[in-house]
Amino acid sequence: QVQLVESGGGLVQAGGSLRLSCVVSGRTFSIDAMGWFRQAPGKEREFVAAITWSGGINTYYADSVKGRFTISRDNAKNTVYLQMNSLNSEDTAVYYCAADFHFGSRLSEEYEYDYWGQGTQVTVSS
């Protein structure tokens, strides 16, 4: 039984920063990679960032957030983070973390992930 819980969302002005956290409980030894996705009102859920869990660290970012967002991990705390800087109105969305348990090779795709959190709201005001 695996549970993912996001936190850190909130209201921030354009240009500001937030750090999201996602704590995983259960079969954490089986994690191969973690990802962040987001869904804005009226839009489909989209990939934001991903990170491999063990061994060498590999990170992946959507073009829309590259250079502004940073994904990181703390295996001892079973936690993945998303540091979001230079936020703008296009970043307003519900942010979800997800866990890949099968070493997926297409980490920007939703189908690669086995477990999902309930989401945390990020609202950027102008």
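Scope of this entry: the structure provided in the associated data block. (Residues numbered from 1 in each chain as written. Predicted model: local features only at pLDDT ≥ 70, side-chain atom pairs only at ≥ 80, totals over all residues. Heavy atoms only, no water.)

Re the pattern of salt bridges
Here the structure, examined in full by the defined rule, presents four salt bridges. Between arginine 45 and glutamate 110 there is a salt bridge, with the nearest N and O atoms lying 3.0 Å from each other. Remark: glutamate 110 occurs in the loop between β9 (93–100) and β10 (115–116) and arginine 45 occurs in the loop between β4 (33–39) and β5 (46–52); sequence separation between them is 65 residues. Relative accessible area serves as the criterion here: at 27%, arginine 45 is assigned to the partly exposed category. Look at glutamate 110 and you get partly exposed, because its relative accessible area is 31%. A single network of salt bridges, built from pairs that share partners, joins Arg38, Glu46, Arg68 and Asp91. (Salt bridge = Lys/Arg side-chain N within 4 Å of Asp/Glu carboxyl O. Helix = DSSP H or I, 4+ residues; strand = E, 2+ residues; numbered from the N terminus. Buried < 20%, exposed > 50% of the residue type's maximum accessible area, 1.4 Å probe, protein only.)

Describing the packing of aromatic side chains
Scanning all chains against the criterion turns up five aromatic pairs. Aromatic side chains phenylalanine 37 and phenylalanine 47 sit 5.6 Å apart centroid to centroid with 75° between the ring planes, which places their arrangement in the edge-to-face category. Of this pair, phenylalanine 37 sits in strand β4 while phenylalanine 47 sits in strand β5, and the two are 10 residues apart along the sequence. Comparing phenylalanine 37 with phenylalanine 47, the two get one shared label, buried. Among the aromatic residues, ring-to-ring pairing joins Phe37, Phe47, Tyr113 and Trp116 into one connected group. For the cation-ring pair, arginine 45 lies above tryptophan 116, with the distance from its terminal atom to the ring centre recorded as 4.2 Å. (Phe/Tyr/Trp six-rings, centres within 6.5 Å; stacked < 30°, edge-to-face > 60°. Lys NZ or Arg CZ within 6 Å of the ring centre and 35° of its normal.)

Things to note about the state of the cysteines
For the structure shown, the criterion picks out one disulfide. Across a sulfur-sulfur distance of 1.9 Å, cysteine 22 and cysteine 97 are joined as a disulfide pair. Note on the cysteine 22 and cysteine 97 pair: the S-S dihedral is about 50°, so by sign convention the disulfide is right-handed. Remark: cysteine 97 occurs in strand β9 and cysteine 22 occurs in strand β3 (residues 18–25); sequence separation between them is 75 residues. Accessibility classification places cysteine 22 together with cysteine 97 in one group, the buried group. (Disulfide = S-S within 2.5 Å.)

Here we look at unusual backbone geometry
Positive phi, close to 50°, is recorded for asparagine 78, a residue that is not glycine. When you line up the elements, asparagine 78 lands in the loop between β7 (69–74) and β8 (79–84). Among the residues examined, asparagine 78 registers a relative accessible area of 22% and is labelled partly exposed. Residue serine 86 is not a glycine yet carries a positive backbone phi of 50°. If you trace the backbone, serine 86 turns up in the loop between β8 and β9. Among the residues examined, serine 86 registers a relative accessible area of 43% and is labelled partly exposed.

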